[in-house]
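So the chains spell out like this:
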Amino acid sequence: MNLTENIRLALRVIVGNKLRSALTITIIMLGIMALIGILTASEGMRINIEGNFSEMGSNTFTVRAEGAIRSRGPGKRKTDHPPITLQQVNSFKQNYKYPSVISASCNANTNAIITRESKKTNPNVVVVGVDENYLKVTGTNIDQGRNFSKTEIDNGSNVVLLGKDVISKVFEERDSVIGNTVSIQSKKYKVIGILASKGANQSSSDNQAIIPLQNARYSFPADDRSYALSVMVNSAEEVDRAVDEAIGILRGIRKLRLNFENNFDIMKSQRLVEQALEIFGYIKLVTVAIGILTLIGAGIGLMNIMLVNVNERTREIGISKALGATKRVIRIQFLTEAIVICQIGGILGIILGILIGNFIGIFLKTGFIFPVFWVIGGVIFTFIVGLSAGLYPAYKAADLDPVEALRYE
């Protein structure tokens with residue numbers, strides 16, 4: 001018998017044992033679907049994160065008071081890590097001579113409510129006060145309208161840039177957004193621009209309202225406010241040298257003794273990417289392990305089904321041997337059947353996994369993703385599972401005595 005005839009016979013046997021075959025195919029399908037689905041979705045997330053941080057640039061770093069990025073350890077007092085004041089920000093800008101673009105910003109309010117007429121947002125809008133370089137350094141783009149003018153920044157004018165989530169809550173689709181007025185808390189602001197969407201991630205500007213830094217100071221006063229410094233140098237290769245110089249200047253500004261640790265954090269954009277990708281690497285490992293364990297379980301179930309098939313088809317095997325079928329022909333026949341079952345389950349699982357993974361990708365706006373490596377790996381692995389599961393039943397069927405097999409009822 002050639003390969004085509006063996007596959008046709010395997011398909012007839014699968015159709016003849018619908019329930020058992022369907023259960024085995026379903027188990028294999030679910031294992032591959034989970035594997036491919038999560039890997040496809042994680043690939044989309046990886047592309048999304050890399051894309052958003054590449055907008056900010058690998059040639060940037062951010063300075064914050066320690067605790068703004070990571071929490072303070074137990075027993076540490078707030079005074080141990082004082083906020084970065086506006087005076088320190090201005091001093092840094094004056095003394096930092098490394099070729100760069102520097103931006104200062106602050107979170108004026110992290111749970112603001114924005115209203116317009118009878119519509120309002122949830123109390124979760126982040127109001128950010130920024131200077132003239134903020135959009136450039138952070139890679140934030142304007143979708144419609146314009147950026148702040150120098151006069152608006154210097155005077156702290158009541159103008160605002162809104163994210164798209166905010167706009168969707170307080171404006172109708174037919175409304176003209178640019179030039180209209182909204183209220184942040186109880187103060188009115190003129191909308192001069194709409195921020196380009198960055199998608200669903202931790203750096204998203206969709207639920208933000210950006211106002212001039214001076215306006216943030218007097219509209220949202222706070223005694224313990226801490227400012228962030230974002231620095232963009234000419235290339236990624238210069239970041240380490242620029243960071244070293246920034247540390248030296250900041251230690252002097254914050255009057256730190258030589259034996260004192262830094263009481264501020266410096267976070268590089270590239271490091272954030274590496275940390276995020278490291279997390280996704282662990283997710284992939286766990287996913288692969290779960291998928292492999294599921295397929296091993298499916299392989300054991302398939303082996304049991306194949307052994308049952310050998311018992312049920314003992315007489316059929318005896319007739320085949322009596323008609324001249326060799327042990328090799330019988331082995332190949334049963335191995336083909338096991339492999340075909342696994343491949344059917346694997347292909348169905350791959351298709352569903354890609355669809356599910358890309359369904360998640362729709363929300364991340366990553367475009368269609370086809371994980372070629374994992375698809376090929378899934379096909380190969382299901383082949384190995386089918387071969388392994390069918391090997392023992394195939395040899396058992398091939399070793400049956402033809403005379404005893406013909407007598408079997």
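Here, every reference points to the structure presented above.
Residues numbered from 1 in each chain as written. Predicted model: local features only at pLDDT ≥ 70, side-chain atom pairs only at ≥ 80, totals over all residues. Heavy atoms only, no water.

So, the overall build of the protein chain
Next, step 1: Across its full length, the protein chain holds 13 helices and 12 strands.
Next, step 2: Expressed as a percentage of the 409 residues in the protein chain, the buried residues total 46%.
Next, step 3: A fraction of 78% describes how many contacts in the protein chain between residues 6 or more apart in sequence connect residues 24 or more apart.
Next, step 4: For the protein chain, the accessible surface area stands at approximately 21100 Å², while carbon and sulfur atoms represent 58% of it. (Helix = DSSP H or I, 4+ residues; strand = E, 2+ residues; numbered from the N terminus. Buried < 20%, exposed > 50% of the residue type's maximum accessible area, 1.4 Å probe, protein only. Contact = heavy atoms within 4.5 Å. Areas by Shrake-Rupley, 256 points an atom, 1.4 Å probe, with all protein chains shown as cover.)

Brief notes about helix H3 (residues 86-95)
Helical periodicity: at 3.6 residues per turn, an α-helix aligns residues three or four positions apart in one direction.
Next, step 1: Every buried residue belonging to H3 is among Leu86, Gln88, Val89 and Phe92, and all of these are buried. Down the axis of H3, the buried set is contained in an arc of 160°. They therefore lie on one face. Facing away from the buried side of H3 by more than 90 degrees, the exposed set consists of Gln87 and Gln94.
Next, step 2: Contacts from the buried residues of H3 go to strand S2 (101-112), helix H7 (213-219), strand S11 (228-232) and helix H8 (239-253). (Arc of directions from axis to C-beta.)

Re the side chain of aspartate 131
Next, step 1: Structurally, the position occupied by aspartate 131 is in the loop between strand S5 (125-130) and helix H4 (134-138).
Next, step 2: Judged by relative accessible area, aspartate 131 falls into the buried class, the value being 5%.
Next, step 3: Reaching out from aspartate 131, the side chain makes a polar contact with the side chain of lysine 93 at a distance of 3.0 Å.
Next, step 4: Within the local environment of aspartate 131, its side chain forms a polar contact with the backbone nitrogen of asparagine 133, the two atoms lying 3.1 Å apart.
Next, step 5: Apart from the residues within four sequence positions on either side, aspartate 131 is in contact with Lys93, Ile102, Ser103, Ala104, Ile153 and Leu213. (Polar contact = N/O pair within 3.5 Å; in protein donor to acceptor, adjacent residues only side chain to side chain.)

Describing the pairing of strand S1 (residues 60-65)
Next, step 1: Most of S1 is tucked away: five of the six residues are buried.
Next, step 2: Summarising the sheet, S1 and S11 pair through four bridges and their orientation is antiparallel. When the bridges of S11 are listed, threonine 60 appears paired with methionine 232.
Next, step 3: Direction of pairing for S1 relative to strand S12 (residues 264-268): antiparallel, over a ladder of five bridges. (Pairing = 2+ DSSP bridges.)

Just geometry here; none of it tells us what the structure is for.
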